[in-house]
Amino acid sequence: MANPDVRQYNLQEIQIEHFFLKEALHCLLHSIIFHRALGPVTPREASIPFLEFVYVRVDSPEIEGPLEARVDEFCAQVISKGFTNAQLLLEFQEVKEASFFRSAEAIPFEQWVLNFAVLPDAGGGAPGGNPRASLQPFRREKLHAQLRQCICHIVRAVVENLRLPPLSLTEKSACPYKWEGSLGALARVGSGGGGTSLARRLPFYDA
């Protein structure tokens, strides 16, 4: 049962080729975290090659390093195991420090659910060529449109709900809240509609 005290934003499913999955994850995760980076942060323009999609990255080593490692792990498992549907949940938590009366705790206040339908490799490109370059134009246009819709969803959700847990006056972290991610993936096996699943907790970064 969903916790009524935790806001959840469920982004539309993106149909995506596996060779664009990593870039799409970076695009969406950086876009979300940028709006939660209330400390000192330098935005940096980035683009997805062969898709001509521009977005803003959070130019902070404390964010980029852990995020890069977890995105790599997510993509490696989805691709190596042939999962056709994948979901990543990014959760923000308010960290309450320990006191004489209570122990330290991390209280979730916001969740973002990223959904992907990983398409099979259609082939058709030159042997040894870059599959991104040989992707059909209509597929590039559709992926571009789906990413744009997700970014608009993110911006609209943030603008409509600006209520966040209070911060310490001495807070200097680029992203002052603890954030964690968990992944799940589903792959169809056989013809009976059964499936195998993968779900576990992936700590990204502790503020």
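Now for a look at the structure at hand. None of the values given here were measured: they were computed from a predicted structure.

### Considerations on the side chain of glutamate 17
The residue glutamate 17 is located in strand 2 (residues 14-17) in this model. A relative accessible area of 7% places glutamate 17 in the buried class. If we ignore the near neighbours within four places in the chain, the residues touching glutamate 17 are Leu119, Leu135 and Arg139.

### A closer look at the nonpolar core
Core analysis: the biggest nonpolar cluster contains 44 residues, and Leu25, Leu28, Trp112, Leu114, Phe116 and Leu147 have the highest contact counts within it. Those elements giving two or more residues to this core turn out to be strand 2, helix 1 (18-34), strand 3 (43-48), strand 4 (53-58), helix 2 (61-80), strand 5 (85-96), strand 6 (105-119) and helix 3 (137-160). The element contributing the most residues to this core is helix 1, with ten residues. Ignoring sequence-local partners within four residues, the contact set of phenylalanine 116 consists of Glu13, Ile14, Ile16, Leu21, Ala24, Leu25, Leu28, Thr84, Asn85 and Ala86.

### A short note on the packing of aromatic side chains
Taken as a whole and judged by the stated rule, the model has three aromatic pairs. With centroids separated by 4.4 Å and ring planes inclined at 35°, the aromatic side chains of tyrosine 9 and tryptophan 112 adopt a geometry described as tilted. Of this pair, tyrosine 9 sits in strand 1 (residues 7-10) while tryptophan 112 sits in strand 6; the two residues are 103 residues apart in sequence, bridging distant segments of the chain. Note on tryptophan 112: relative accessible area 1%, which makes it buried. Judged by centre distance (6.4 Å) and plane angle (40°), the rings of phenylalanine 92 and phenylalanine 109 are tilted. Within this pair, whereas phenylalanine 92 is found in strand 5, its partner phenylalanine 109 is found in strand 6, the two being separated by 17 residues in sequence.

### Details of the packing of helix 1 against helix 2
For any two helices packed against each other, one specifies the crossing angle of their axes together with the interaxial distance. For the pair helix 1 and helix 2, interaxial distance at closest approach is 10 Å and the crossing angle is 145°. Taken as a pair, helix 1 and helix 2 cross one another with a handedness that is right-handed. In contact with His18, Leu21, Lys22, Leu25, His26, Leu29, His30 and Ile33 of helix 1, helix 2 contributes Ile63, Glu64, Leu67, Glu68, Val71, Asp72, Phe74, Cys75, Val78 and Ile79. For the contact of helix 1 with helix 2, the per-class residue count stands at eleven nonpolar, three polar and four charged.

About the cut-offs
- Residues numbered from 1 in each chain as written.
- Predicted model: local features only at pLDDT ≥ 70, side-chain atom pairs only at ≥ 80, totals over all residues.
- Heavy atoms only, no water.
- Helix = DSSP H or I, 4+ residues; strand = E, 2+ residues; numbered from the N terminus.
- Buried < 20%, exposed > 50% of the residue type's maximum accessible area, 1.4 Å probe, protein only.
- Contact = heavy atoms within 4.5 Å.
- Core = buried A, V, L, I, M, F, W, Y, C linked by side-chain atoms within 4.5 Å.
- Phe/Tyr/Trp six-rings, centres within 6.5 Å; stacked < 30°, edge-to-face > 60°.
- Axes fitted to C-alpha atoms, helices over the stretch in contact; angles between N-to-C directions.
- Left-handed = near helix turned anticlockwise from the far one by under 90°.
- Nonpolar A, V, L, I, M, F, W, Y, C, P; charged D, E, K, R; others polar.

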